[in-house]
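Read off the chains here:
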Amino acid sequence: MKEINELEADGDTYPKPTIAVVQAAPVYNNRDASIKKVRELTEEAKANGADLVVFSEAFISGFPSWVHMHAPIDQLDLFKKLVENSIEIPSPAFYELQQIAKDYNVFLSIGVNEKAPRQSIGVLWNTNLIFDRNGNMVARHRKLLPTWSEKLVWSFGDGSTMSVHETEIGRIGALICGENTNSLAKYALISQGEQIHISTYPPFFPTSRNPSGGQDYFDTLFVRACSMSYEGKVFTVVSSQAIDEQGYEVLSMGIKEVRDLIDKLTYGGSMIVSPSGTICSDVIKDNKEGIVYAKCDISSEIPLKAIHDVSGSYQRNDV
């Protein structure tokens, strides 16, 4: 019989995935071109060792920021184009996303405008999809509550998609944009043992025609991400969208005053935040395109939870 000090003492091991966060501009109102860009950027991320590749909110086929900047009666043509270039599940476009994950052997998270024409030709949801390495759909989360004027384009989701998913790279959950300020939504995922939290965003979020003096949008996302990571002891993956000249034209409808407003806005950013609430990747800001990476050791969450575990030893559900 071996002495105690001679016994194997390695114990359980935990995943250490390399996560890639993409900040890129979609091709507005062009589903096929947007998916082609997803393939190209996923190939690049895989070449740099990515296990999980994360794209922004509503990447296919663009976040409809025009809902915040134009009167409803002026938006109908844009809404029609948005519906025409949205994703039905299943459909050839959906199969192509599955194939991208399978071809590059990665987990793929991407925001889409989702439609269901067999239910209604005019209904859309703001949806985040996650595929595994074999192209199987792991998750389909529909944003619970469209924010403010987003209600002009998106229907409400429901709690049935508020799940954390067990995968070989860790337990993954996702919230979309303003959901990352919803304490109960965040806790719903933390309480399911979430380890990797995906949060996705548009390029900007206009709330005033005179945005000067307001809070910088990047700072808003940074505070949300650090709060989620520190409270939940999770890795928070932040992916914001960018816009290019084509996006400028679509969102502004060619109106100079709206282009001028967009020029005044502050932009989001993309990063990965560690379970201690500190940034552990490079950061993309200022409407630039690129990919940032971090190797995320899930076991690093354990000692932090020993100190402050809001879903375990540091929680009183009776109160």
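See above for the structure.
Residues numbered from 1 in each chain as written. Predicted model: local features only at pLDDT ≥ 70, side-chain atom pairs only at ≥ 80, totals over all residues. Heavy atoms only, no water.

A.B. asks: Looking at this model, I keep getting lost on the nonpolar core. Mind explaining?
C.D. replies: The nonpolar side chains of soluble globular proteins are, as a tendency, buried together. In terms of nonpolar packing, the biggest core is built from 27 residues, with Val53, Phe55, Ile87, Leu97 and Ile110 touching the most fellow members. Elements represented by at least two residues in this core include exactly strand S1 (18-23), helix H1 (31-47), helix H3 (92-104), strand S4 (107-116) and strand S5 (120-131). Take this core: its biggest share by element is six residues, from H3. When residues no more than four places from it in sequence are discounted, the contact partners of Phe55 are Val22, Val38, Leu41, Thr42, Leu108, Ser109, Ile110, Gly111, Thr200 and Ser239. Membership of the second largest hydrophobic core comes to 22 residues, among which are Tyr28, Trp66, Leu124 and Val258. (Core = buried A, V, L, I, M, F, W, Y, C linked by side-chain atoms within 4.5 Å. Buried < 20%, exposed > 50% of the residue type's maximum accessible area, 1.4 Å probe, protein only. Helix = DSSP H or I, 4+ residues; strand = E, 2+ residues; numbered from the N terminus. Contact = heavy atoms within 4.5 Å.)

A.B. asks: Mind showing me how you'd approach helix H4 (residues 183-190) here?
C.D. replies: Helical geometry note: an α-helix holds 3.6 residues per turn, so side chains three or four residues apart project in the same direction. What H4 keeps buried is the set Ala185, Lys186, Leu189 and Ile190. For H4, the angular spread of buried residues about the axis comes to 140°, placing them on one side. Summarising the geometry of H4, the exposed residues directed more than 90 degrees from the buried face are Ser183 and Leu184. Structurally, H4 contributes buried residues whose contacts are with strand S8 (170-176), strand S9 (196-201) and helix H5 (217-232). Where H4 starts, the residue carrying a side-chain oxygen 3.1 Å from the main-chain nitrogen of Leu184 turns out to be Asn182. (Arc of directions from axis to C-beta. Polar contact = N/O pair within 3.5 Å; in protein donor to acceptor, adjacent residues only side chain to side chain.)

A.B. asks: Can you walk me through the pairing of strand S11 (residues 269-273) in this structure?
C.D. replies: One face of the sheet, then the other: side chains in a regular strand alternate in exactly this way. The element S11 is largely enclosed, with a buried count of five among its five residues. Alternating residues of S11 divide into Gly269, Met271 and Val273 and Ser270 and Ile272, and every residue in both groups is buried. Bridge count between strand S10 (residues 235-240) and S11: three bridges; the pairing is antiparallel. Residue pairing across strands places Val238 opposite Met271, the latter belonging to S11. Two elements, S11 and strand S12 (residues 284-285), share two bridges in a ladder whose sense is antiparallel. (Pairing = 2+ DSSP bridges.)

A.B. asks: Hey, could you run me through the environment of Ser212 in this one?
C.D. replies: Relative to the elements of secondary structure, Ser212 occurs in the loop between S9 and H5. Here Ser212 falls in the exposed class, since its relative accessible area comes to 58%.

A.B. asks: Help me out: how do you make sense of unusual backbone geometry in this one?
C.D. replies: One can expect most non-glycine residues to show negative phi and most peptide bonds to be in trans. A cis amide bond links Ile60 with the next residue in sequence, Ser61, at an omega value of -10°. Along the chain, Ser61 turns up in the loop between strand S2 (52-54) and helix H2 (76-84). Omega for the bond connecting Ile89 with Pro90 falls within 30 degrees of zero, at 0°, which places this linkage in the cis form. Relative to the helices and strands, Pro90 is located in the loop between strand S3 (87-88) and H3. For Asn105, which is not glycine, the phi torsion reads 55° and is therefore positive. Along the chain, the position of Asn105 falls in the loop between H3 and S4. Of the residues examined, Asn105 reaches a relative accessible area of 36% and is grouped as partly exposed. Positive phi outside glycine occurs at Asp286, with the angle close to 60°. As for its position among the elements, Asp286 is in the loop between S12 and strand S13 (290-295). Here Asp286 falls in the exposed class, since its relative accessible area comes to 55%.

A.B. asks: What am I meant to see in the environment of Leu152 here?
C.D. replies: Mapped onto the secondary structure, Leu152 falls in the loop between strand S6 (137-142) and strand S7 (165-167). For the pair formed by Leu152 and Thr236, sequence separation is 84 residues and the distance between their alpha carbons is 29 Å. Not counting the four nearest positions on each side in its chain, Leu152 is found in contact with Val67, Pro72, Gln75 and Phe79.

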